[in-house]
Each structure stands twice: as C-alpha cells, then as structure tokens.
Amino acid sequence: MNGKLKSIHPIGWNIIIGTLFARLASSMSMPFLAIYLTMTKGVSPGMTGIIIAVSALVGVFTSYIGGNLSDQFGRKWIMMGSIIVWTFVFLGFAFADHVAWFFILNALNGICKSFFEPTSRALLSDMTKPENKLMIFNLRYAAINVGVAIGPLIGLQLGSSKSSLPFIITAFVYMIYTISLLIQFKKYNLEEKVAIKKERVTMKQSLQVLGKDTIFLLALIGIILGNAGYSQFSSTLSQYFANAPVFLDGVKLFSYVLVLNAITVLIVQYPVTRIGKKYSPLVSIMFGTMTLSLSLLGFGMLKSVPLMFACAVLFTVGEVLMFSMTDVFIDQIAVQNLKGTYFGAMGFSGLGGVIGPWLGGFLLDYYGYGNGAIVFAYLAAVCSLGFPILLYVKIMINKRDMLFENKKLHT
C-alpha cells in the first residue's frame, strides 16, 4: 500500500487534499441551504425544492459538455476556469437576498461542479496505473467524506441555517484550492502531455459513440433512479427533520445525522470496498440502490432518535456501495480516448438529483410534514426501481463477455 501511495502524482495529491478541504468548507453551508431558505428567507418547501434541484438540473446538461471539452482541449483549462467561477458563486450566496438570485447562483453552482468534478476524475484516471485506480478513486471518496464529517459540525456552530458567514469561508477555501492547482499545473506539464497523446474526438462523434453504448445508457438510467433516492438526504430529509412536529430540535438532529453519515462512510468504506472487489462494481451499485431504498422507508416510518441514527447508518452503507464503485465501473466500460466524455456523461445521473428534490418537495407540500411515512414510501419506491434495470445490465455484460470469450476460443 505504501508503494502505491508513493506512485500518486503530486497533482493527484493536490486534487485529493483540495477535495477534502473544499468539501469541508462547502459542507458548512450547502447541506443547510434548504433549511436556510425555508426558515430564514421564508421560501416555501416546493420552491426550495426547485432551487435545490436546479443545481442538479443544469449539471445534467453541462457535465457532458465539460467532460468532452476536457478531452478535446485538456483537463487544466476546464478545471481552472470552473473553480475560479465557483469561488465567486459561493461569495454570491453570502450576499444574495432574493429567490431569483439563489436560483441563479445554485444553477451556476451546478455548472461549475459539473465541469470541475468529471474533469478532475478523468485527470486522476489519466495519471494512474490500472491496478491503482480503485485506490485513488476511493482516496478521493474518503477525502470527500472526511470533509463532510467535519463541515456540518462547524456549520452548526456558525449557525449555517441562519448565517451567511459559512459561504464566505467556503469562497476563501476555494480560492486557496485554485491557487494551489495553478501552482501545480505550472510546475508539471503532465496534463498537456496526456492531452496531446489522445486523438481529438468532436462532441458529435462522442455523442454517436455514447448513443450506441446500450450498456452504458441502461446503467445510467438505473443509477439515475438510485440517485433520486440519495438526493433526499440533503433536500427532503433536511426539511422533514427541521419542520416535522415529532422532532423537538430537527436542525440539530439533522446535523448529527450528517456527521454520522460521513463518519460511517470512513468506517465502512474499506470493508465494503473489499467485499465489492470480490464481485463487480455493478453488483455493488445494485445492492446500494436497494439499501438506500430500505433506509428511506425507515426514515419515514420510525420516530425515535436511535432508530433514525440506525437508518442513517443503513443509508450510508447504501451510499458507499453505490458511489465507491461508480467511478471504477465507468472507467472499465469507457472508450479509452473518451474517458472525460464518459465521466462527463455520467453527469446525466444528476437527473436523479433533479427528480428527487422536486418530488420530495411536492410530496411534503401535498401530504405535509406530519405524514413522513407516506412521503418516504413513495420516494423509496422510485429508488428501488433502479435495481431491476441494473440487474438487466449485469445480464447483458455477462452475455457480452461470454461472446467475447467464445470469439477468442475460435480465433
């Protein structure tokens, strides 16, 4: 393991460490945005759901564009441009005082994220040997969750549900991350070398490749449904905890659930990943979808704090099963010179992040905060639909592999 860690390029370490601090900072503010809008700005649950969803909505359509542009023109320019704008977006959140501004800023937040994240993952893939890719993707995933474990606690102390200070701090951290990347890209020319080696493929050509990849398209639909369930954690669940009459101090409870979620990720990530390696990334994603669905049922039906914490742990196991293997799965099925495009096209899974908050907000408006069992039963049902689709994808992959082996035997 020590030898593998030493093989990570300095730019790779910069991305991993930068991810840790960036997520720590954004976790002080963004998970509380729904509560901030409803409790401080007086925005309705339905409108809040739309504002939260717009980030994922624009990300769906821009992630593919960002990934493809990084394949054509290089990772560095896409990463640097998006993170500079991102810094100003967080600063804008601190001073926004109208629903329209929050809508625009969260849309820009989605664009910046959808450009920066798939491009950075593609760059990590470019710089990493095949046998080390699971390790580096999981290091990045662990960095995210270390940040998410600490961020909400700091945010709670800073009064993130009422204060704009966490947004200012987040903007400052992103500015430091920007400067560190600028220094590393200036010092090392690896990114340019990687870009030169690749055959440039136009956006139209890459769309044609993706359009014919039935396995990828069906897997994407299954993951979209799983993401619709996962998105409830920072949208519907936060509003439910903050406003449901069964909870005395729902904001504090939600903060503790956020921290428990992140800590549990760090605890279970290694053993769950070890188990997942024995099967396949897709099998892990399949069972993650079902686990998320079961935990959503629990959130709606159970009322005691210990049982809510148990549901949070179950939800986290499902999250790890899904997201620790998604990057590995995409890396395995992607066309070699279209890695950025495939990682970017995976941004269409953000449709789940659009459907989820919108549907959750609508159900809360319709049934009210006192009927959590009904609301979360519907949401769990939507999430569970991903399982049979992913199972069919698994059957298709098995058939494809068998045909490939038969061809090898007869040649």
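Residues numbered from 1 in each chain as written. Predicted model: local features only at pLDDT ≥ 70, side-chain atom pairs only at ≥ 80, totals over all residues. Heavy atoms only, no water.

Trainee: Describe the overall build of the protein chain, with residues and values.
Mentor: When you go through the protein chain residue by residue, the secondary structure sums to 19 helices and zero strands. Relative to the globule expectation of 22 Å for 411 residues, the C-alpha radius of gyration of the protein chain, 21 Å, shows essentially globular dimensions. Based on the C-alpha atoms only, the size of the protein chain along its principal axes is roughly 70 × 45 × 45 Å. When burial is assessed residue by residue, the protein chain has 57% of its 411 residues classed as buried. In the protein chain, once contacts between residues fewer than 6 apart in sequence are set aside, the share between residues at least 24 apart is 84%. Of the accessible surface of the protein chain, which amounts to about 17600 Å², a share of 70% is contributed by carbon and sulfur atoms. Looking at charge distribution, the protein chain has the averaged site of its 31 positive side-chain charges lying 4 Å from that of its 16 negative ones. (Helix = DSSP H or I, 4+ residues; strand = E, 2+ residues; numbered from the N terminus. Rg over C-alpha atoms; globule rule 2.2 N^0.38 Å. Buried < 20%, exposed > 50% of the residue type's maximum accessible area, 1.4 Å probe, protein only. Contact = heavy atoms within 4.5 Å. Areas by Shrake-Rupley, 256 points an atom, 1.4 Å probe, with all protein chains shown as cover. Lys, Arg positive; Asp, Glu negative; His and termini not counted. Charge placed at Lys NZ, Arg CZ, Asp CG, Glu CD.)

Trainee: With reference to specific residues and values, describe the nonpolar core.
Mentor: Ranked by internal contacts, the top residues of the largest apolar core, which has 95 residues, are Leu33, Phe93, Leu181, Phe216 and Phe241. Setting aside chain neighbours within four positions, we find leucine 181 in contact with Asn14, Ile15, Met79, Met80, Ile83 and Phe116. Ranked by size, the runner-up nonpolar core spans six residues in total, among them Tyr141, Val268, Val272 and Val320. (Core = buried A, V, L, I, M, F, W, Y, C linked by side-chain atoms within 4.5 Å.)

Trainee: Could you give an account of the pattern of salt bridges, naming the residues involved and the relevant values?
Mentor: Following the criterion strictly, the structure yields three salt bridges and no others. One salt bridge in this structure joins glutamate 117 and arginine 23, with 3.1 Å as the shortest N-O distance. With glutamate 117 in helix H6 (residues 99-127) and arginine 23 in helix H2 (residues 10-26), this residue pair connects regions lying 94 residues apart in the sequence. Across the salt bridge formed by arginine 75 and aspartate 126, the nearest N and O atoms sit 2.8 Å from each other. Separated by 51 residues along the polypeptide, arginine 75 in helix H5 (residues 75-95) and aspartate 126 in helix H6 bring together distant segments of the chain. Assessed through its relative accessible area of 22%, aspartate 126 is described here as partly exposed. One salt-bridge network, held together by shared partners, links Arg23, Glu117 and Arg140. (Salt bridge = Lys/Arg side-chain N within 4 Å of Asp/Glu carboxyl O.)

Trainee: Help me get a handle on the side chain of threonine 264, residues and values and all.
Mentor: You can see threonine 264 is positioned in helix H13 (residues 250-278). Here the side chain of threonine 264 touches leucine 260 through a polar contact of 2.6 Å, landing on its backbone oxygen. (Polar contact = N/O pair within 3.5 Å; in protein donor to acceptor, adjacent residues only side chain to side chain.)

Trainee: Any details on the packing of aromatic side chains? Residues and values, ideally.
Mentor: Within the structure shown, the criterion is met by 24 aromatic pairs. With a centroid separation of 6.5 Å and an interplanar angle of 45 degrees, the aromatic rings of phenylalanine 90 and phenylalanine 93 are classed as tilted. Residue phenylalanine 90 and its partner phenylalanine 93 are located together in helix H5, separated by three residues, close to a single helical turn. Accessibility assignment for this pair places phenylalanine 90 and phenylalanine 93 in one class, buried. A centroid spacing of 5.9 Å and a plane angle of 70 degrees characterise the contact between phenylalanine 287 and phenylalanine 387, whose relative ring orientation is edge-to-face. Of the two residues, phenylalanine 287 sits in helix H14 (residues 281-301) while phenylalanine 387 sits in helix H19 (residues 386-409), which places them 100 residues apart along the sequence. Given the relative accessible area of 43%, phenylalanine 287 is considered partly exposed. Members of the aromatic cluster, joined through ring pairs, are Tyr230, Phe233, Tyr240, Phe241, Phe247, Phe254, Phe299, Phe315, Phe323 and Phe376. The ring of tryptophan 77 has lysine 76 lying over it, and the distance from NZ or CZ to the ring centre is 4.3 Å. (Phe/Tyr/Trp six-rings, centres within 6.5 Å; stacked < 30°, edge-to-face > 60°. Lys NZ or Arg CZ within 6 Å of the ring centre and 35° of its normal.)

Trainee: Before we move on, could you go through the packing of helix H7 (residues 133-158) against helix H15 (residues 305-333) and cite the residues and values that matter?
Mentor: Helix-helix packing: each pair is described by the crossing angle between the helix axes and the interaxial distance. Direction vectors running N to C along H7 and H15 enclose 140 degrees, while the axes themselves pass 10 Å from each other. With respect to each other, H7 and H15 are oriented oblique. Every pair of crossing elements has a handedness; the one defined by H7 and H15 is right-handed. Along the contact surface, H7 presents Lys133, Leu134, Phe137, Asn138, Arg140, Tyr141 and Asn145, while H15 presents Glu319, Val320, Phe323, Ser324, Met325, Asp327, Val328 and Asp331. Residues belonging to the contact of H7 with H15 are distributed by class as follows: seven nonpolar, three polar and five charged. (Axes fitted to C-alpha atoms, helices over the stretch in contact; angles between N-to-C directions. Parallel < 35°, antiparallel > 145°, perpendicular 65-115°, else oblique. Left-handed = near helix turned anticlockwise from the far one by under 90°. Nonpolar A, V, L, I, M, F, W, Y, C, P; charged D, E, K, R; others polar.)

Trainee: Lay out the state of the cysteines in plain terms, naming residues and giving numbers.
Mentor: Tallying each qualifying case throughout the model produces zero disulfides. Counting only cysteine sulfurs, cysteine 311 is the nearest neighbor of cysteine 383, a cysteine outside any disulfide, at a range of 14 Å. Among the residues examined, cysteine 383 registers a relative accessible area of 0% and is labelled buried. (Disulfide = S-S within 2.5 Å.)

Trainee: Quick rundown of the confidence of the model for the protein chain? Include the residues and the values.
Mentor: The pLDDT averaged across the protein chain works out to 82; a share of 91% of its residues lies at or above 70. Per-element confidence in the protein chain ranges from a low mean pLDDT of 47 for helix H9 (residues 190-197) to a high of 92 for helix H18 (residues 372-384). Across residues 191-198, confidence stays below pLDDT 50; counting only partners more than four residues off in sequence or on other chains, it has twelve contacts. (pLDDT = per-residue confidence, 0-100.)

Trainee: Outline the packing of helix H3 (residues 33-40) against helix H12 (residues 236-243), supporting the account with residue identities and numerical values.
Mentor: In the contact formed by H3 and H12, the axes pass within 9 Å of each other and the chain directions differ by 45 degrees. Here H12 runs oblique to H3, going by the angle between their axes. In the packing of H3 onto H12, the handedness of the crossing is right-handed. Counting all contacts with H3, which are made through Ala34, Ile35, Thr38 and Met39, the residues of H12 involved are Ser238, Gln239 and Ala242. Residues of the contact of H3 with H12, tallied by class, amount to four nonpolar, three polar and no charged.

Trainee: Before we move on, could you go through a nonpolar patch on the surface and cite the residues and values that matter?
Mentor: Together, Met47, Ile50, Val99, Trp101, Phe103, Ile104, Leu108, Trp358, Phe362 and Tyr366 make up an exposed nonpolar region whose accessible area comes to about 980 Å². Elements with a minimum of two residues in the nonpolar patch: helix H4 (45-73), H6 and helix H17 (351-367). Exposure remark for valine 99: the relative accessible area of 32% places this residue in the partly exposed category. (Patch = residues over 30% accessible without salt bridge, like charges linked within 9 Å, V, L, I, M, F, W, Y side chains within 5 Å.)

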